[in-house]
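Given next are the chains, with one letter for each unit.
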Amino acid sequence: MLTKSSTELVRQRNSVLVLSVLRRHGALAHTEISDFTGLSSATISAITADLERAHIIEKSEQQAASGRGRPRVLLRQRRDCGYLIVVIISSDAVQYSLVDYAGKLIDRFSEERSHDPAGAARFVAGVRAGLSRILERSRISQEKVLLISISSKGLVNSTEPVLVWSPIFGSDQIDFESVLRPDWQAKVILDNETLLVAAALGAREEIVKGADFRSLAALSLGHSIGLGIVRRGGGQTGQEISAPNFGHMLHMAGGGLCRCGTRGCIEAYAGFYAILRSAFEVPLDTIPAKFVPVTELDKIAAKARQGHRTSTIAFRQAGLALGNGLSRMLSLTERMPIAITGPGTRYYDLLRQGLEEGLGQSHIVRMEGMPEIRVVADEPILVFEGHLNRALSVIDQDIVISGGQGGD
């Protein structure tokens, strides 16, 4: 026998399930929602009626292609139910996007990030100003913003929106909750950028492969080196996503100096600053450059493609460090496809030999063969997709819990 509290939990769970189906498939008819969720027609009627009364979803009519017969009644999210702000922090810029509850992009702009000694304090002030600016441009009241979703490279707290360490600010931690709370009542979440990339790739893969999808790794190449792993699992999302600190795994004891202050990290051989350092035969204990323009790497790559020995070796060493790291990852997990993303994909032809050599040193690869490796160049789109998937799911759950919507 269900208690009142357990009945309410079932109602909430079913409501979130309905909203997640609408997120994934778009506007649906009553019977389609029932088919996708496996819930009875009566339950769907109760849930959608409650959600419609609460102005969370709305009905629309779709006329048949023939123009005859009664139009189909479709259900979809109300765009004005609330808003999401996405903040993407990269090495040289911060991008702000305003999105409505239906996942439609309303406004977006980017601001260059200055590399000054004021560090985190000046950056935080800039973020507050950027958030205010995007609302002013769209004339949306602050109370209508339900969530602020932030991403960065580096280490993030698993339970709170705290940037623990980043290649941009080092060990200067930023607690975005406390930084924004005086002015903002919206919920604040923070994710590792490559975790969001893996989540987006996993969502795409699951649409194509369905139940055949098992796992996938996303390796991001650029100023920093990131890794995200997505695996089929339990829970409502059906996926388990993680972002191990891959770029700062040990590649060579006592090796090159990394931006994290340690010696011998994978990033100290494969990050943009590491390739630059190696190509110009700069001592490995030289303090790494905080930011290397892609144009500088393009020059080194052009020389490597023309047969310049030192430039060629720099990319091969980077590939070898990546391959060795991936071989350890596969040994600890399972053989899985690897998607190469990030601005470094433009040099994959120069990295490939070393990467495959490094991978080939693992027992699992020698036994089962080289994993599928694909290059996915649209990383910014993947990051944004990952934000939407995660943030809108959080908003759906919060709305249902706070409003007690649903049907049993």
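For the structure, see preceding data.
This structure is a prediction, so every number in the text was calculated from the model and none was measured.

What counts as what
- Residues numbered from 1 in each chain as written.
- Predicted model: local features only at pLDDT ≥ 70, side-chain atom pairs only at ≥ 80, totals over all residues.
- Heavy atoms only, no water.
- Axes fitted to C-alpha atoms, helices over the stretch in contact; angles between N-to-C directions.
- Helix = DSSP H or I, 4+ residues; strand = E, 2+ residues; numbered from the N terminus.
- Parallel < 35°, antiparallel > 145°, perpendicular 65-115°, else oblique.
- Contact = heavy atoms within 4.5 Å.
- Nonpolar A, V, L, I, M, F, W, Y, C, P; charged D, E, K, R; others polar.
- Buried < 20%, exposed > 50% of the residue type's maximum accessible area, 1.4 Å probe, protein only.
- Lys, Arg positive; Asp, Glu negative; His and termini not counted.
- Salt bridge = Lys/Arg side-chain N within 4 Å of Asp/Glu carboxyl O.
- Polar contact = N/O pair within 3.5 Å; in protein donor to acceptor, adjacent residues only side chain to side chain.
- Pairing = 2+ DSSP bridges.
- Phe/Tyr/Trp six-rings, centres within 6.5 Å; stacked < 30°, edge-to-face > 60°.
- Left-handed = near helix turned anticlockwise from the far one by under 90°.

### Describing the packing of helix H6 (residues 193-209) against helix H13 (residues 379-403)
- Packing of H6 against H13 brings their axes to within 7 Å, and their N-to-C directions diverge by 85°. Classed by the angle they form, the pair H6 and H13 counts as roughly perpendicular. Together, Glu193, Leu196, Val197, Ala200, Leu201, Ala203 and Arg204 of H6 and Glu379, Ile381, Leu382, Val383, Glu385, Gly386, His387, Asn389 and Arg390 of H13 make up the contact between the two elements.
- Split into classes, the residues belonging to the contact of H6 with H13 amount to eight nonpolar, three polar and five charged.

### Side note on the side chain of Glu379
- Note that Glu379 resides in helix H13.
- Notably, Glu379 is buried but unbridged: the nearest opposite-charge side chain belongs to Lys153, and the N-O separation is 4.3 Å.
- For Glu379, the side chain forms a polar contact with the side chain of Thr341, separated by 2.8 Å.

### With respect to the environment of Ser110
- Relative to the elements of secondary structure, Ser110 occurs in strand E6 (residues 105-112).
- Its relative accessible area of 48% is what places Ser110 among the partly exposed residues.
- The residues touching Ser110, leaving out its near neighbours within four places in the chain, are Val94 and Gln95.

### Re the pairing of E6
- Summarising the sheet, strand E5 (residues 93-100) and E6 pair through seven bridges and their orientation is antiparallel. Bridge pairing in E6 places Ser97 opposite Arg108.
- The antiparallel pairing of E5 with E6 creates a hairpin that spans four residues between the two strands, and Gly103 there sits at a positive phi of about 85°.

### Things to note about the sheet that holds strand E3 (residues 72-77)
- In spatial order, the strands read E1-E3-E2; together these three strands make up an open sheet with antiparallel pairing. Unpaired on one side and paired on the other, strand E1 (28-29) and strand E2 (57-62) mark the two borders of the sheet.
- Across two bridges, the pairing between E1 and E3 is antiparallel. When the sheet's bridge partners are listed, Leu28 is paired in E3 with Leu75.

### Focus on the pairing of strand E7 (residues 145-152)
- Of all eight residues in E7, seven are buried, a share of seventy percent or more.
- As paired elements, strand E4 (residues 83-89) and E7 share six bridges and run parallel to each other. Across the sheet, the residue bridging to Leu84 is Leu147, located in E7.
- Bridge analysis of E7 against strand E11 (residues 187-192) gives six bridges, and the strand direction is parallel. Opposite Ile150, over in E11, you have Leu190 as the bridge partner.

### Comments concerning the packing of aromatic side chains
- In total, this model carries four aromatic pairs according to the counting rule given.
- On the basis of an interplanar angle of 70° and a centroid distance of 6.0 Å, the ring pair of Phe272 and Tyr347 is categorised as edge-to-face. Of the two residues, Phe272 sits in helix H8 (residues 272-279) while Tyr347 sits in the loop between strand E15 (338-341) and helix H11 (348-359), which places them 75 residues apart along the sequence.
- Arranged with centres 5.5 Å apart and planes meeting at 45°, the rings of Phe315 and Tyr347 form a pair that is tilted. With Phe315 in helix H10 (residues 309-332) and Tyr347 in the loop between E15 and H11, this pair connects stretches of sequence that are 32 residues apart.

### Things to note about the pattern of salt bridges
- The full count for this structure, using the stated rule, is 29 salt bridges.
- Note that Glu205 is salt-bridged to Lys209, the shortest N-O span being 3.2 Å. Of this pair, Glu205 and Lys209 both sit in helix H6, separated by four residues, roughly a single helical turn.
- Among the residues examined, Lys209 registers a relative accessible area of 37% and is labelled partly exposed.
- Taken together, the salt bridges that share partners define one network made up of Glu8, Arg11, Asp50 and Arg53.

### A word on the packing of H8 against helix H9 (residues 294-305)
- Remark: H8 packs on H9, axes separated minimally by 10 Å, with the N-to-C direction vectors making an angle of 45°. Judged by the inter-axis angle, H8 sits oblique to H9. Considering the relative orientation of H8 and H9, their crossing is left-handed. Note on element contacts: H9 touches H8 through Val294, Leu297 and Ile300, opposite Phe272, Ile275, Leu276 and Ala279.
- In terms of residue class, the contact of H8 with H9 is made up of seven nonpolar, no polar and no charged.

### What about the environment of Glu356?
- Of note, Glu356 is situated in helix H11.
- Among the residues examined, Glu356 registers a relative accessible area of 28% and is labelled partly exposed.
- For the pair Glu356 and Pro371, spaced 15 residues apart in the sequence, the C-alpha separation amounts to 9.6 Å.

### Re the side chain of Glu193
- With respect to the helices and strands, Glu193 occurs in helix H6.
- Judged by relative accessible area, which is 6%, Glu193 ranks as buried.
- Setting aside residues up to four positions removed in sequence, Glu193 forms contacts with Ile88, Ile89, Ser151, Ser152, Lys153, Glu379 and Val383.

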